[in-house]
Amino acid sequence: MTQTSAVRLRGITKSFGSNLVVEPLDLEIGRNEFFSILGPSGCGKTTLMRMITGFETPTAGSVELDGKTVDRVPTRQRDLNMLFQSYALFPHLSVYENVAFELRVRKTAKAELDRRVREALALVRLEDFPQRKPSELSGGQRQRVALARAVVGRPAVVLLDEPLGALDQKLRKEMQFELKRMQREVGITFIYVTHDQEEALTMSDRIAVMSKGRVLQVAGPTEIYDAPNSRFVASFIGSCNLIDAVMSSADTVEVAGLGPVPATVTGGFATGTQVVVAVRPERMTLTDRPTEGSFAGVISERVFLGDEWTYHVKTGGTELTVRVPSGETSAALATLPEGGQVWVSWPTAAGRVLPAD
Ligand code: ATP
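Residues numbered from 1 in each chain as written. Predicted model: local features only at pLDDT ≥ 70, side-chain atom pairs only at ≥ 80, totals over all residues.

S.K.: Sorry if this is basic, but what is going on with the pairing of strand E14 (residues 274–279) here?
M.R.: When you tally the buried positions in E14, you get five out of six residues, the bulk of the element. As defined by bridge partners, strand E11 (residues 241–247) adjoins E14 across six bridges and the pair is classed as antiparallel. Paired with Asp244 across the bridge in E14 is Val276. As defined by bridge partners, E14 adjoins strand E20 (residues 352–355) across four bridges and the pair is classed as antiparallel. Bridged to Val277 within E20 is Val353. (Buried ≥ 20, exposed ≤ 12 C-beta atoms within 10 Å, placed from the backbone. Helix = DSSP H or I, 4+ residues; strand = E, 2+ residues; numbered from the N terminus. Pairing = 2+ DSSP bridges.)

Set out below in structure tokens:
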């Protein structure tokens, strides 16, 4: 990154007693970036976030905000704000006063305060309800008030820890788009903690995928999805066929029962190394007759999901999952029963060779 980063972590690590929960890590987050920290429960996301805020003291390493070390700067003096799932609005204060609270504490001049509060309310599309009390709002609207409150002071960085966790599925989806729109409009760096891969893909400029205290990959959503660097990332983001294979030469892989399979080898794996070939189900093609390079199999199960069919196909000793958009299922394929004979193929570029563990 050429300009100063909004956040820079150098060798940051955290242990609780003998329990290492965040392994030493270097990370840079750009200004105005929507950056997600994604991983399963207990992988260390919240601990990492708390070290950035200053709520948690790193065991070693250093945190920089806007180019300056803040290791000795308490949370309230760091140029950041936070939003949690369990945000607390003041129940006796109006929407307007909830959002204005921080500015009043800072003794912001009246006209400036009013302008900023109205701007923040417009940003979350709540400009029509300034006098309502939190109890008179829906869950989604309350969450918007909390969001307006987090950005009204224009901090350089806002950290959000699973802020949509309490909302129902439909509202979550709406809020994902809203959050992204808002972040673009205000130009604040958002650091978003989530275990929901779809949420991270939808909103982020970049994603850090964590597992067991380690950051495995940092990249944009399409790269994370198309070019996962490990078995964990491939299976945690979207669904993925992970086919056990062995390197039969420097650039060919073989699967027991199938023989050589199409795959792009990027890492240097020695001949004889156990690997997995990762292929997304939607990159596979299913036909009712053999095509060049296809593998014969039988349908063990098929499931209709509205916009697509998911087929489970047994080939050799391997069970593959293939997704076929409903509109593209040929009549011949659609009438095949479970147990019917099919052929599966995929392009070389769709198969990624990854370490086995
Ligand atoms: P979740 O999505 O469930 O919130 P997470 O990825 O945010 O999980 P953390 O909350 O960072 O994970 O926790 C990582 C690990 O550190 C867990 O094993 C947790 O039990 C442990 N841990 C967190 N805080 C403390 C603490 N104050 N003392 C001891 N162990 C802790």
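Okay, back to it.
S.K.: Please clarify how the confidence of the model for the chain should be interpreted in this entry.
M.R.: Interpretation of the predicted coordinates at a detailed level should be avoided for regions scoring low in pLDDT. Averaged over every residue, the pLDDT of the chain is 91; residues scoring 70 or more account for 99%. Across the interfaces of the predicted complex, the ipTM metric reaches 0.96, alongside a pTM of 0.90. (pLDDT = per-residue confidence, 0-100.)

S.K.: Looking at this model, I keep getting lost on the domain arrangement of the chain. Mind explaining?
M.R.: Reports of interface size often rely on the accessible area that becomes lost once the parts have come together. Entries for the chain in the domain assignment read domain 1 (7–231) and domain 2 (239–355). Put simply, the middle of domain 1 and the middle of domain 2, counted by C-alpha atoms, are 39 Å apart. If you look at the interface, domain 1 gives four residues, while domain 2 gives six residues. For the side of domain 1 that touches domain 2, the class distribution of residues is two nonpolar, one polar and one charged. (Domains from an automatic or database assignment. Contact = placed C-beta atoms within 7 Å. Nonpolar A, V, L, I, M, F, W, Y, C, P; charged D, E, K, R; others polar.)

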